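# What the coordinates show
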Amino acid sequence: MAKQPLKKKEIKVADKMAAIKAFKEKNGLNSAVEKEPRWIILPESFQKATRICGLPCGFVSRVRGKSNTGKSTIKLEVIKAAQQQGFLPVVFELENNFAWKHAKEIGVEINESVDVETGEIVYGPGDNMLYYDTAKLYELYGKFDHEHGKWLSKPNRETYVIEDVAMCIKDLIRAQREGEIPIDMVFIIDSIGVGDCYRAAVNNSSNNMWYAGAVSVAFNTIVNDLIPSSRNVNSEYLNTLFFVQKTWTKTTATGLPSAISKGGESMDWAVRISIYLGGIESASVKALTATSAGRDYKYGTKTKIQIEKNHVSDITYSGEICSTQHGFWDPDKLDEYKKLYSSEIKERLAEEYKVPASEIGDIEYIEVDEED
């Protein structure tokens, strides 16, 4: 005789809800899941051009585009904003090209000292900033075998690898949880897509697929757990990841140009806000030029800026923005910039041509299409 199915016990809806409530209270599931949303607030010129206030905390964001489109400016603006708003910026400078003087002019807090031998000013990270270049990453992790997950007695490669960056981020978050770094952090990588992965470095070879795969594996826990879980109300700290990525142009099957990210698309799915600077086929940048008696000085650039992806507030908008020696500027307020910094522009023009500032006459301001 076939078994009869067990009859489900009839329970009143009110009793079901009471049981669920008791279970949630017992297991700590009765409170809010996420903290109140916070943003790293960027300048008004950025807000006007994009219609968003900055970068969302506890998410992964990026900026991408061709060279000379303002990616370094937004990096410095993020560092400055993080410092001013009580976050600790952790900078991974993978191109060894951090513009310290430019950073200072934008408003980033840095340290200055004088080289006793040369008398030159030496720049470095401020007290409220952590800075890792490729030499420091190699010093810290050059003996680590990322393939087998173990330390070696001596390095088996000659350079840092992208996996070192991910390992460093994990180490810093661990130190944060243990109370060594008692502050919210903003991790800033410039940039994904340069350098090698571990497999390429130990084999003295290079392969785009290896790199993309290494990024996917190395950052998987970071972008899926460590960053987003910091938004949870039970997390003491709130951490954010922002990275820079260069692009190259590929023609699609339909003949249309497409911007392809250097280093592969393996991080695309993790990005919640993606900012694109410049054009697809070319940088599409206008050089803001001060000219006098045949002498030219580029005091900034004007470029397109677009929120190409927004899975936080769903706002996607495009506009224009200017990158100057002093950070982002509203294109509609360039006359204010020229007036405010006219003396400095004149001095820079004289310095570039190695003539006294008194020899610089009236200045004309023009916009010139800049070649890639």
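Structure: see above.
Residues numbered from 1 in each chain as written. Predicted model: local features only at pLDDT ≥ 70, side-chain atom pairs only at ≥ 80, totals over all residues. Heavy atoms only, no water.

What follows covers helix α1 (residues 13-26). The end-to-end C-alpha distance of α1 is 20 Å, a good match for the 20 Å that 14 residues give at a rise of 1.5 Å each. Positioned one or two residues after α1, Gly28 has a phi angle of 65°, which is positive. (Helix = DSSP H or I, 4+ residues; strand = E, 2+ residues; numbered from the N terminus. Expected span 1.5 Å × (residues − 1).)

For a regular strand, the rule is simple: side chains alternate between the two faces of the sheet. Relative to strand β16 (residues 318-324), strand β15 (residues 295-310) runs antiparallel, the two sharing seven bridges. For Gly300, the partnering residue across the bridge sits in β16 and is Thr324. Between β16 and strand β17 (residues 327-329), which pair antiparallel one after the other, the connecting turn spans two residues. (Pairing = 2+ DSSP bridges.)

Glancing now at the packing of helix α6 (residues 162-177) against helix α8 (residues 208-226). Where α6 contacts α8, the axes come no closer than 9 Å and their chain directions differ by 15°. Classified by the angle their axes make, α6 and α8 are roughly parallel. The hand of the α6/α8 crossing is left-handed. Across the interface between the two elements, Ile162, Glu163, Val165, Ala166, Ile169, Lys170, Ile173 and Arg177 from α6 touch Tyr211, Ala214, Val215, Ala218, Phe219, Thr221, Ile222 and Leu226 from α8. Class assignment of the residues belonging to the contact of α6 with α8 gives a composition of twelve nonpolar, one polar and three charged. (Axes fitted to C-alpha atoms, helices over the stretch in contact; angles between N-to-C directions. Parallel < 35°, antiparallel > 145°, perpendicular 65-115°, else oblique. Left-handed = near helix turned anticlockwise from the far one by under 90°. Contact = heavy atoms within 4.5 Å. Nonpolar A, V, L, I, M, F, W, Y, C, P; charged D, E, K, R; others polar.)

Let us now look at unusual backbone geometry. Cis geometry marks the peptide bond from Asp190 to Ser191; its omega dihedral reads 5°. Within the element layout of this structure, Ser191 appears in strand β10 (residues 185-192). A positive phi angle is found at Asn68, which is not glycine, with a value near 65°. Relative to the elements of secondary structure, Asn68 occurs in the loop between β3 (60-65) and α3 (71-84). On the basis of relative accessibility, which here comes to 42%, the residue Asn68 falls in the partly exposed class. Even without being glycine, Asn96 reaches a positive phi, approximately 50°. With respect to the element layout, Asn96 can be found in the loop between β4 (88-93) and α4 (100-106). (Buried < 20%, exposed > 50% of the residue type's maximum accessible area, 1.4 Å probe, protein only.)

Another aspect to go through is the environment of Met167. With respect to the secondary-structure elements, Met167 resides in helix α6. Overall, the relative accessible area of 16% leaves Met167 in the buried class. For the pair Met167 and Ser229, spaced 62 residues apart in the sequence, the C-alpha separation amounts to 18 Å. Not counting the four nearest positions on each side in its chain, Met167 is found in contact with Tyr141, Phe144, His146 and Trp151.

All right, on to the side chain of Arg157 then. With respect to the helices, strands and loops of the structure, Arg157 is situated in the loop between β9 (150-151) and α6. Residue Arg157 is classed as buried on the basis of its relative accessible area, which comes to 2%. A distance of 2.9 Å separates a polar atom in the side chain of Arg157 from the backbone oxygen of Thr159. Ignoring sequence-local partners within four residues, the contact set of Arg157 consists of Tyr138, Tyr141, Gly142, Phe144, His146, Asp164, Tyr198, Ala201 and Val202. (Polar contact = N/O pair within 3.5 Å; in protein donor to acceptor, adjacent residues only side chain to side chain.)

Along the chain, Thr252 falls in the loop between β11 (240-251) and β12 (257-261). It is 39 Å that separates the C-alpha atoms of Thr252 and His148, two residues lying 104 residues apart in sequence.

This part is about the pattern of salt bridges. Counted by the stated rule, this structure contains 20 salt bridges. Among the ionic pairs, Asp332 bridges to Lys48, the shortest N-O distance being 2.7 Å. Of this pair, Asp332 sits in the loop between β17 and α9 (334-340) while Lys48 sits in helix α2 (residues 44-50), placing them 284 residues apart in sequence. Looking at Lys48, the relative accessible area reads 39%, which means it is partly exposed. Here Arg174 makes a salt bridge to Asp171, at a shortest N to O gap of 2.7 Å. Linking Arg174 with Asp171, this pair stays in helix α6, spanning three residues, or about one helical turn. Residue Arg174 is classed as partly exposed on the basis of its relative accessible area, which comes to 44%. On the accessibility criterion, Asp171 (28% relative accessible area) is partly exposed. Through salt bridges that share partners, Lys48, Asp330 and Asp332 make up one connected network. (Salt bridge = Lys/Arg side-chain N within 4 Å of Asp/Glu carboxyl O.)

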